[in-house]
Amino acid sequence: SSLGVLKESADSLFVPSLPATKLEAIRRMGFGTVNKIFVQFQKPILLGDRKYVFLVRQAPDPMSSAQDWTSAIYHIDQESTCAQ
């Protein structure tokens, strides 16, 4: 189900009902945007049997006005097949 359906019907969706703290957490969840970029390489860039990489970044400087879109990348995933 989508988050919208969950938020709308969380009170009656679960038997037994969820605790109030869980229902409040569902109500407070927000929606966001996820953009995906697909890049094809000649050779695999991940070594061995690794299928994904999580990135850990230094927190941005709150005093900086520069906004770099790459700072929002947190995950690289290898697709098993790509259309050519």
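Residues numbered from 1 in each chain as written. Predicted model: local features only at pLDDT ≥ 70, side-chain atom pairs only at ≥ 80, totals over all residues. Heavy atoms only, no water.

Engineer: Before we go on, may I ask you to explain the overall build of the protein in this structure?
Structural biologist: Of regular secondary structure, the protein possesses two helices and two strands. Listing the helices and strands of the protein from first to last along the sequence gives α-α-β-β. For the protein, buried positions account for 6% of its 84 residues. Of the roughly 8300 Å² that the protein leaves accessible, carbon and sulfur atoms contribute 56%. (Helix = DSSP H or I, 4+ residues; strand = E, 2+ residues; numbered from the N terminus. Buried < 20%, exposed > 50% of the residue type's maximum accessible area, 1.4 Å probe, protein only. Areas by Shrake-Rupley, 256 points an atom, 1.4 Å probe, with all protein chains shown as cover.)

Engineer: I'm lost on unusual backbone geometry in this one. Help?
Structural biologist: The phi torsion of most residues other than glycine is negative, and most of the peptide bonds are trans. For the bond running from V15 to P16, omega is 0°, close enough to zero to count as cis. With respect to the helices and strands, P16 occurs in the loop between helix 1 (3-13) and helix 2 (20-28).

Engineer: Explanation requested: the environment of Q78 in the structure shown.
Structural biologist: Looking at the element boundaries, Q78 is found in the segment after strand 2 (75-77). Residues in contact with Q78, not counting those within four places in the same chain, are L46, R50 and K51. (Contact = heavy atoms within 4.5 Å.)

Engineer: How should the environment of K22 be read in this particular structure?
Structural biologist: When you line up the elements, K22 lands in helix 2. On the basis of relative accessibility, which here comes to 48%, the residue K22 falls in the partly exposed class. In this structure, the C-alpha to C-alpha distance between K22 and A10, residues twelve residues apart in sequence, is 9.4 Å.

Engineer: Explain the packing of helix 1 against helix 2 here, please?
Structural biologist: The interhelical angle for the contact between helix 1 and helix 2, taken along N-to-C directions, is 160°, at an axis separation of 9 Å. Regarding the angle of helix 1 to helix 2, the classification is roughly antiparallel. Crossing of helix 1 against helix 2: the hand is left-handed. Touching L6, K7, A10 and D11 of helix 1 are L23, I26 and R27, all from helix 2. (Axes fitted to C-alpha atoms, helices over the stretch in contact; angles between N-to-C directions. Parallel < 35°, antiparallel > 145°, perpendicular 65-115°, else oblique. Left-handed = near helix turned anticlockwise from the far one by under 90°.)

Engineer: Before we go on, may I ask you to explain a nonpolar patch on the surface in this structure?
Structural biologist: Among the surface-exposed residues, I37, V39, F41, I45 and I76 lie close enough to one another that they form a single nonpolar patch of about 500 Å² accessible area. Inspection of the secondary structure puts I45 in the loop between helix 2 and strand 1 (52-54). (Patch = residues over 30% accessible without salt bridge, like charges linked within 9 Å, V, L, I, M, F, W, Y side chains within 5 Å. Salt bridge = Lys/Arg side-chain N within 4 Å of Asp/Glu carboxyl O.)

Engineer: Just checking my understanding: could you explain the confidence of the model for the protein for this structure?
Structural biologist: Any region with low pLDDT has predicted coordinates that should not be read closely. Summing up the model confidence of the protein, the mean pLDDT is 77 and the portion of residues at 70 or higher is 77%. Within the protein, the lowest mean pLDDT, 74, falls on strand 1, and the highest, 92, falls on helix 2. (pLDDT = per-residue confidence, 0-100.)

Engineer: What is the right way to look at the environment of L46 in this model?
Structural biologist: As for its placement among the helices and strands, L46 is situated in the loop between helix 2 and strand 1. Sequence separation between L46 and D77 is 31 residues; the distance between their C-alpha atoms is 9.2 Å. Residues contacting L46, with those up to four places away along its chain left out, are K51, Y52, V53 and Q78.

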